[in-house]
Amino acid sequence: MHEAPPPTSTPAPGSSSSAVPAEPLSHGLKQRHLTMLGLGGVIGAGLFVGSGAGIAVAGPAIVVSYLIAGALAMLVMRMLGEMSAAMPASGSFSVHAERALGRWAGFSVGWLYWFLLVVVLAVEATAAAQIAHGWVPGIEPWAWVLLFMVVFTAANLTAVKNFGEFEFWFASLKVGAIVVFLVLGLLAVLGWLPDTDPVGMTNLTGQGGFLPNGWGGVVSGVLTVVFAFGGLEVVTIAAAETDDPARAVGRAVRSAVVRILFFYVGSMLVIVTVLPWTAQQAGLSPYVKVLDAIGVPSAGQIMNIVVFVALLSALNANLYGSSRMIFSLAERGEAPRGLLKVSGGGSRETTGAASRETTGGVPRRAVLASVAFGFVSVLLNLLWPDTVFLYMLNSVGAVLLFVWALIAASQLRLRARLEQEAPEALSLRMWCFPYLTWVTLAGLFGVLLLMLTDEAARPQVLWSAGATALVLLVAVGRQWRERRGPA
């Protein structure tokens, strides 16, 4: 192993790629890995199971809720894609926030996002273990959790292409499952399946109409589903480990966001068209209910497999994203420098007549640090799920919205500077700048206000605000000490 050389300074937004210190990480991810990560990384248990809660509060208008939440996520990803294509870095939006707003912003958003990933990682590992325990009752859930953590730790400690391959096949299965679901749902609506009659639009207009709970139900639906779009950010983190980060992230963002919006909204439209919205229940997968209704045998077990894969995929992606984020923080002096160790050696890959050198490696200490905290989170979830871990989970409940808001604020500053200093770097541009950026910020602020008025969501906002304030205090204190210098 060797230690990455510390960057001498933070590169300016307009710097050429040659002026930016090279990442000491390998470039083992292919475009297909990044594309499928963008497509599948956000398709998880929140869609397959959690969408039932949204349907229960919004009715058929959940389609509108997903459109609003999806549009918000799409705008954030467009902004993030613009900055990542112009200035690719393993720390992604943490690096952009530092360049745009100062070290306090990069420190704060980086550590908040790392904390978010390692806490949510415990939820995913525990949920996957419960499914596996149902299949093999003789093995306790804690043993399954240990197995999952060991397997994915090993995968992330080796070449990054192993992570890419895991995510490629996980994402392929999830995307394939949704495509099959959409096709079967459309056939059921048209009455082209055996022993079925055309459903028509009856379920969209019956049981209280398309808006059974009014626009208030749509708003509640947005609060329920907006966090299901979290995870897209990992695409821009992973782009730094491709051969051509600027081109790779641009292609991934362009292809992934619209397709994911299609999968989410298309799935919801099928669900509320095939079955009455009143048939759905929070905590139960609406996909299972639809598949049961159209006569697919063993629908519950099929969806259990898909949800299981989705959870393992999210666990793998969160472990990867958290390790790269804390590594980037260490590069900039915002985390212990011992985390800068990466696996040594380079390798030469040959494709046809062309060959290229792959330098650097895997930030193994950063991976182990993230796994260690992930194990702590898992233990807290197993031992005190309704007390200590619940407080931790609430403390990251709204962090994603804070991260998105800082992405928008960073893009406002960096876009103006890039247009002056290096307009040629803007290969991917945010639409209608700066108006849609301000609209996005207003939308995120609106969601936070609505969460404060919602009794169930209010604790998440308050605890997350407390965690954010604590991190900001640490960031400001660090800067103040540095400005004072040695006593």
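The model shown is predicted, which means the values in this text are computed figures rather than measured ones. (Residues numbered from 1 in each chain as written. Predicted model: local features only at pLDDT ≥ 70, side-chain atom pairs only at ≥ 80, totals over all residues. Heavy atoms only, no water.)

### Structural notes on the overall build of the protein chain
- If you tally the helices and strands in the protein chain, you get 19 helices and four strands.
- For 487 residues, the compact-globule formula gives about 23 Å, and the C-alpha radius of gyration of the protein chain, at 23 Å, lands near that figure.
- For the protein chain, the spread of C-alpha atoms along the principal axes amounts to about 75 × 55 × 50 Å.
- Counting all 487 residues of the protein chain, 54% fall into the buried class. (Helix = DSSP H or I, 4+ residues; strand = E, 2+ residues; numbered from the N terminus. Rg over C-alpha atoms; globule rule 2.2 N^0.38 Å. Buried < 20%, exposed > 50% of the residue type's maximum accessible area, 1.4 Å probe, protein only.)

### Some thoughts on the environment of Val49
- Its place among the elements puts Val49 in the loop between helix 2 (45-48) and helix 3 (51-58).
- The exposure class assigned to Val49 is partly exposed, which follows from its relative accessible area of 25%.
- Linking Val49 and Val288, residues 239 residues apart in sequence, is a C-alpha distance of 9.1 Å.

### A short note on the packing of helix 5 (residues 93-101) against helix 17 (residues 399-421)
- Orientation of helix 5 relative to helix 17, taken along the N-to-C sense of each, is 55°, at an axis distance of 8 Å. Our classification of the angle between helix 5 and helix 17 gives oblique. The crossing of helix 5 and helix 17 is left-handed. Where helix 5 approaches helix 17, its residues Phe93, His96, Ala97, Arg99, Ala100 and Leu101 are matched on the opposing element by Val403, Leu406, Ile407, Ala409, Ser410, Arg413, Leu414 and Arg417.
- A class-by-class count of the residues in the contact of helix 5 with helix 17 yields nine nonpolar, two polar and three charged. (Axes fitted to C-alpha atoms, helices over the stretch in contact; angles between N-to-C directions. Parallel < 35°, antiparallel > 145°, perpendicular 65-115°, else oblique. Left-handed = near helix turned anticlockwise from the far one by under 90°. Contact = heavy atoms within 4.5 Å. Nonpolar A, V, L, I, M, F, W, Y, C, P; charged D, E, K, R; others polar.)

### Overview of unusual backbone geometry
- The omega torsion of the bond from Phe433 to Pro434 falls at 0°, within 30 degrees of zero and hence cis.
- Mapped onto the secondary structure, Pro434 falls in the loop between helix 17 and helix 18 (435-453).
- The residue Gln207 is not glycine, and still its phi comes out positive at about 50°.
- With respect to the helices and strands, Gln207 occurs in the loop between helix 9 (202-205) and helix 10 (214-225).
- With phi around 55°, Ser298 is a residue other than glycine that occupies positive phi space.
- Mapped onto the secondary structure, Ser298 falls in the loop between helix 13 (286-293) and helix 14 (299-331).
- Accessibility expressed as a relative area gives 52% for Ser298, which makes it exposed.

### Topic: the pattern of salt bridges
- By the definition in use, this model includes nine salt bridges.
- Note that Glu82 and Arg415 form a salt bridge whose closest N and O atoms lie 2.7 Å from each other. Of this pair, Glu82 sits in helix 4 (residues 62-86) while Arg415 sits in helix 17, and the two are 333 residues apart along the sequence. As far as burial versus exposure is concerned, Glu82 and Arg415 are alike and both buried.
- With a shortest N-O distance of 2.9 Å, Glu419 and Arg415 are connected by a salt bridge. A residue pair is termed a helical-turn pair when its members lie 3 or 4 positions apart in one helix, as Glu419 and Arg415 do in helix 17 at four residues. (Salt bridge = Lys/Arg side-chain N within 4 Å of Asp/Glu carboxyl O.)

### Some details on helix 12 (residues 245-274)
- Under the 1.5 Å per step criterion, the end-to-end length of helix 12 is 42 Å for 30 residues, consistent within 8% with the ideal 44 Å.
- Burial within helix 12 is extensive, with 22 of its 30 residues counted as buried. (Expected span 1.5 Å × (residues − 1).)

### Some points on the layout of surface pockets
- There is about 1,500 Å³ of room inside the largest pocket.
- Taken together, 50 residues form the lining of the largest pocket, with Gly46, Val120, Val123, Phe227 and Ala228 sitting closest to its centre.
- Within the residue set of the lining of the largest pocket, elements represented by two or more residues are helix 2, helix 3, helix 6 (103-135), helix 10, helix 14 and helix 16 (388-395).
- With seven residues, helix 6 is the single largest residue contributor to the lining of the largest pocket.
- Looking at the lining of the largest pocket residue by residue, the classes come out as 33 nonpolar, 13 polar and four charged. (1 Å grid on protein atoms, 1.4 Å probe; cavity = no way out; pocket = protein on both sides within 12 Å on 5 of 7 lines; lining within 4 Å. Points joined across faces, edges and corners; volume = space filled by probe spheres on them.)

### Digging into the environment of Trp135
- Mapped onto the elements, Trp135 comes out in helix 6.
- Look at Trp135 and you get partly exposed, because its relative accessible area is 34%.
- Expressed as a C-alpha distance, the spacing of Trp135 and Val218, which sit 83 residues apart in the sequence, is 37 Å.
- Setting aside anything within four residues of it in sequence, one finds Trp135 in contact with Gln301, Asn304, Ile305 and Phe308.

### Some thoughts on the packing of helix 4 against helix 10
- Taken N-terminus to C-terminus, the directions of helix 4 and helix 10 make an angle of 50°; their axes are 8 Å apart at the nearest point. Taken as axis vectors, helix 4 and helix 10 run oblique relative to one another. Regarding helix 4 and helix 10, the two cross each other, and that crossing is right-handed. Here Ile62, Val64, Ser65, Tyr66, Ile68 and Ala69 of helix 4 come into contact with helix 10, specifically with Trp215, Gly217, Val218, Gly221, Val222 and Val225.

### Thoughts on the confidence of the model for the protein chain
- Averaged over every residue, the pLDDT of the protein chain is 84; the share at 70 or more is 90%.
- Across the protein chain, helix 18 holds the top mean pLDDT of 95, while strand 4 (residues 354-358) sits lowest at 37.
- Segment residues 1-12 is flagged for pLDDT under 50; beyond a separation of four residues in sequence, or across chains, it makes 25 contacts in the model. (pLDDT = per-residue confidence, 0-100.)

### A look at a nonpolar patch on the surface
- A cluster of nonpolar residues, Trp142, Leu146, Val150, Leu379, Leu382, Leu383, Trp384 and Val388, forms a patch on the protein surface that exposes about 780 Å² of accessible area.
- Elements supplying a minimum of two residues to the nonpolar patch: helix 7 (141-157) and helix 15 (364-383).
- You can see Leu382 is positioned in helix 15. (Patch = residues over 30% accessible without salt bridge, like charges linked within 9 Å, V, L, I, M, F, W, Y side chains within 5 Å. Areas by Shrake-Rupley, 256 points an atom, 1.4 Å probe, with all protein chains shown as cover.)

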